[in-house]
Each structure stands twice: as C-alpha cells, then as structure tokens.
Amino acid sequence: MNLKQLQFAVYVAETRSFSRAAKLSFATQPTLSNAISLLEEELGGKLFTRTTRKVDLTPFGEYILPQIAEVLQSRDELLNAAESYHNPNHKLLRIGFSPLVDMPRLDQMLSPFRQAHPEVTIFFKECFVDELSERLRREQIDIQIVLSRDLTEGEASCSFYQDGLYYLSASGGGQPSGRLCYTLTDLPDAPIILTGGGCGLNDALHGMFKEQGARLEPYAGQALTYKVIEDWASLGIGAGILPKAKVSPVNTAIQPLFIRKDEPARFRFEWIWRKDQSVPEHIQEFLGYIQTTVPELVKGQVERND
C-alpha cells in the first residue's frame, strides 16, 4: 500500500468516476484502476461498485474512506509541520474540530482573517473529542472547536456559535410526522439512534436529557455517520436528534426540538486553546480575531437568518 493508491481512491470517491479521477491524478485510467484493485486486495474488500453509468462506494468503501482520508491528511500535516520548522517565515495555524462542527460556517467565519493574513496557512484537523484534547495538550494543534465543556487547568475559551437541534422522526418512509415541534419531555416512544460516541453527540444528548429530568432511550445499534441516522430514521428503525448543520437540506421529516416552551434546544460550540503556552504573533492575532470579530460575524449571520 502506498499514498498514491490512497489518493486515487479518494479522487474516485469524490468524482464517482475512474476517468475523471485519473485526470485529476495525472495518471492513465489503467494505472489508476490497477492501483485501486491492488489496494482493495490488500484491504480485503471492494471499495467501489462500477457499472457503465456510475461508480458508487460499497458499504465497506463508505466505512473505510474516512480513514483513508485521515491518512492523507496526516501526510499533509507532517509536511506542513516540517515546512514550519525549516522556514520560520511559514506561518501555520492548526485548527482541530469535532465532526459535529458546521464546516461551511467555520469557513465563512475565517474568510476575513484569510484575506487579512494571506501569509498564514490554515490547516484543519477533524478528530474525535478525546483526540482533540490530547492534540491540544501535545501542541499538535493550536486551537480546537468543540461542544461547550468544563475547562482543564491551563485552558482558555470563548464562545463560537449555537446550532439548534432537530428531532428526526422514525417515520418509516421519510414523511413528516404532523407535529410542528417537540420538547425533550414529550418525545415519541421510538428509541434514539446514536453514533459510536467519539464526536461528542452522545454525551451531549445524555447530559441535556439528564439536566431536564428526561429519559433518553438509545437504539441498540450505532450509526457510523449522521447520514446513517437520517437513513435509519426514514426507514422507521428509530428516531434521531441532530444539530441543523448535520441534517440534509432535503429532509422534511424533522421538527425543531425544545428544552421547554420558547426555549429551543441547542448545542453550543466554543474555541478552546492553551493559555499557558507561548505562541507566535500570528496565532495571538487569530485569538484576538475569534474573540472580537467572529462574535460580530456570528451575530450578523443569526440576524439575517431571523
């Protein structure tokens, strides 16, 4: 197995085409196809189903592609770290975040900083919550974005944004339930489909329900992705609860979730960094940016949406 094979697989997954992936890779299609066949043989399963009309990921491909992307991202992280060491003028800002974070919103909030600081390379790292904390402690990232939590010694934080929660009915066909909204204490009897837990969704929901004296009944199985939660809910297997950013725009079988009347249920995200470590000037400038400029940008975005 080599990095080129992994990159080929990612390009095919992104384009859903062997020919377009070959063009992106500056490789011939037979070279790319042969490399992916060798990769599939080594991994022990097919990554793609291929017909004359389209290319799709197999269930195994859906499962393993995020890990392939993680390997390639680690390669990029290594190269950027080496460049920063050898070239002091190379300014690197490493931001780690939970899979629950609204990536389009994050990208939009960072746009003014990018424009003002074109010399700074921003490197993103999506990780599970426990890994983020460890990376921050080891100075492998400069700042993290996670659901609000208690700080440990040496940490500092500021608020980022809030994302409203939605109830995905176990509708068995993807049809709306007829309800306009739900509160934590009047949900239907359907069990709630959760993930493996690393992203922070499960702990946040359990904590929210416990705080309100409500009971969360989890579904016996676990979903690999938020899309799986939606799919299972549409099949009537169970219900789901997700922040709006993680619900497909075309999903109509959802209702806003409330803590109580007139108090929407929300996830609150924050920036966390180490205040007990000296950091370069460009990171100090970024910390000032997220504490002054970003709150105004978020406020403006909320007012426009309202």
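Refer to the structure printed above.
Residues numbered from 1 in each chain as written. Predicted model: local features only at pLDDT ≥ 70, side-chain atom pairs only at ≥ 80, totals over all residues. Heavy atoms only, no water.

Chemist: Tell me about the overall build of the protein chain, and please be specific about residues and values.
Modeler: Along the backbone of the protein chain there are nine helices and 13 strands. Here the C-alpha atoms of the protein chain give a radius of gyration of 22 Å, agreeing with the 19 Å that 2.2 N^0.38 yields for 306 residues. Each principal axis of the C-alpha distribution contributes one length, and for the protein chain these read about 55 × 55 × 35 Å. The buried share among the 306 residues of the protein chain stands at 43%. Within the protein chain, residue pairs in contact and separated by at least 24 positions form 74% of the contacts whose partners lie at least 6 positions apart. A total accessible area of about 16,700 Å² is found for the protein chain, and carbon and sulfur atoms account for 51% of it. Considering the protein chain, the positive charge centre built from 32 side chains and the negative charge centre built from 39 side chains are found 5 Å apart. (Helix = DSSP H or I, 4+ residues; strand = E, 2+ residues; numbered from the N terminus. Rg over C-alpha atoms; globule rule 2.2 N^0.38 Å. Buried < 20%, exposed > 50% of the residue type's maximum accessible area, 1.4 Å probe, protein only. Contact = heavy atoms within 4.5 Å. Areas by Shrake-Rupley, 256 points an atom, 1.4 Å probe, with all protein chains shown as cover. Lys, Arg positive; Asp, Glu negative; His and termini not counted. Charge placed at Lys NZ, Arg CZ, Asp CG, Glu CD.)

Chemist: For the nonpolar core, give the residues involved together with the corresponding values.
Modeler: Ranked by internal contacts, the top residues of the largest apolar core, which has 57 residues, are Ile95, Trp271, Phe286 and Ile290. In this structure Phe286 touches Leu93, Ile95, Leu110, Phe113, Ile143 and Trp271, once residues within four positions along its chain are discounted. Of all hydrophobic cores here, the second largest spans 21 residues; its members include Leu6, Phe8, Val10 and Leu39. (Core = buried A, V, L, I, M, F, W, Y, C linked by side-chain atoms within 4.5 Å.)

Chemist: I'd love a proper account of the packing of aromatic side chains, names of residues and values included.
Modeler: Summed over all chains, the structure comprises eleven aromatic pairs. Between the aromatic rings of Phe97 and Phe124, the centroid separation amounts to 5.9 Å while the plane-to-plane angle is 70°, which identifies the pairing as edge-to-face. In this pair, Phe97 is assigned in strand β3 (residues 91-97) and Phe124 in strand β4 (residues 120-126), connecting sequence segments 27 residues apart. Their ring planes at 50° and their centres at 5.3 Å tell us that Phe113 and Tyr289 sit as a pair that is tilted. With Phe113 in helix α5 (residues 103-116) and Tyr289 in helix α9 (residues 281-305), the pair connects residues that are 176 residues apart, well separated along the chain. The residues Phe113 and Tyr289 share a single accessibility class, namely buried. Here the aromatic cluster, defined as three or more aromatic residues joined through ring pairs, consists of Phe113, Phe160, Tyr161, Phe269, Trp271, Phe286 and Tyr289. (Phe/Tyr/Trp six-rings, centres within 6.5 Å; stacked < 30°, edge-to-face > 60°.)

Chemist: Residue-level account of the environment of Glu131, with values.
Modeler: With respect to the helices and strands, Glu131 occurs in helix α6 (residues 129-137). Separated by 67 residues in sequence, Glu131 and Gly198 place their C-alpha atoms 8.9 Å apart.

Chemist: How would you explain the pairing of strand β8 (residues 192-195) if you had to name every residue and give the values?
Modeler: On any regular strand, side chains alternate: one points to one face of the sheet, the next to the other face. Neither face of β8 is left uncovered, since the one carrying Ile192 and Leu194 and the one carrying Ile193 and Thr195 both have all their residues buried. Across three bridges, the pairing between β8 and strand β9 (residues 218-223) is parallel. Residue pairing for β9: Leu194 is matched across the bridge by Gln222. (Pairing = 2+ DSSP bridges.)

Chemist: Got a sec to walk through the packing of α5 against α9? Specific residues and values, please.
Modeler: Running from N to C, α5 and α9 cross one another at 120°; their axes reach a closest spacing of 9 Å. Classified by the angle between their axes, α5 and α9 sit oblique to one another. Considering only the axes of α5 and α9, their crossing is right-handed. Here Arg105, Gln108, Met109, Leu110, Pro112 and Phe113 of α5 lie close against α9, whose contacting residues are His282, Glu285, Phe286, Tyr289, Val294, Leu297, Val298, Gln301 and Arg304. Residue composition of the contact of α5 with α9, by class: nine nonpolar, three polar and three charged. (Axes fitted to C-alpha atoms, helices over the stretch in contact; angles between N-to-C directions. Parallel < 35°, antiparallel > 145°, perpendicular 65-115°, else oblique. Left-handed = near helix turned anticlockwise from the far one by under 90°. Nonpolar A, V, L, I, M, F, W, Y, C, P; charged D, E, K, R; others polar.)

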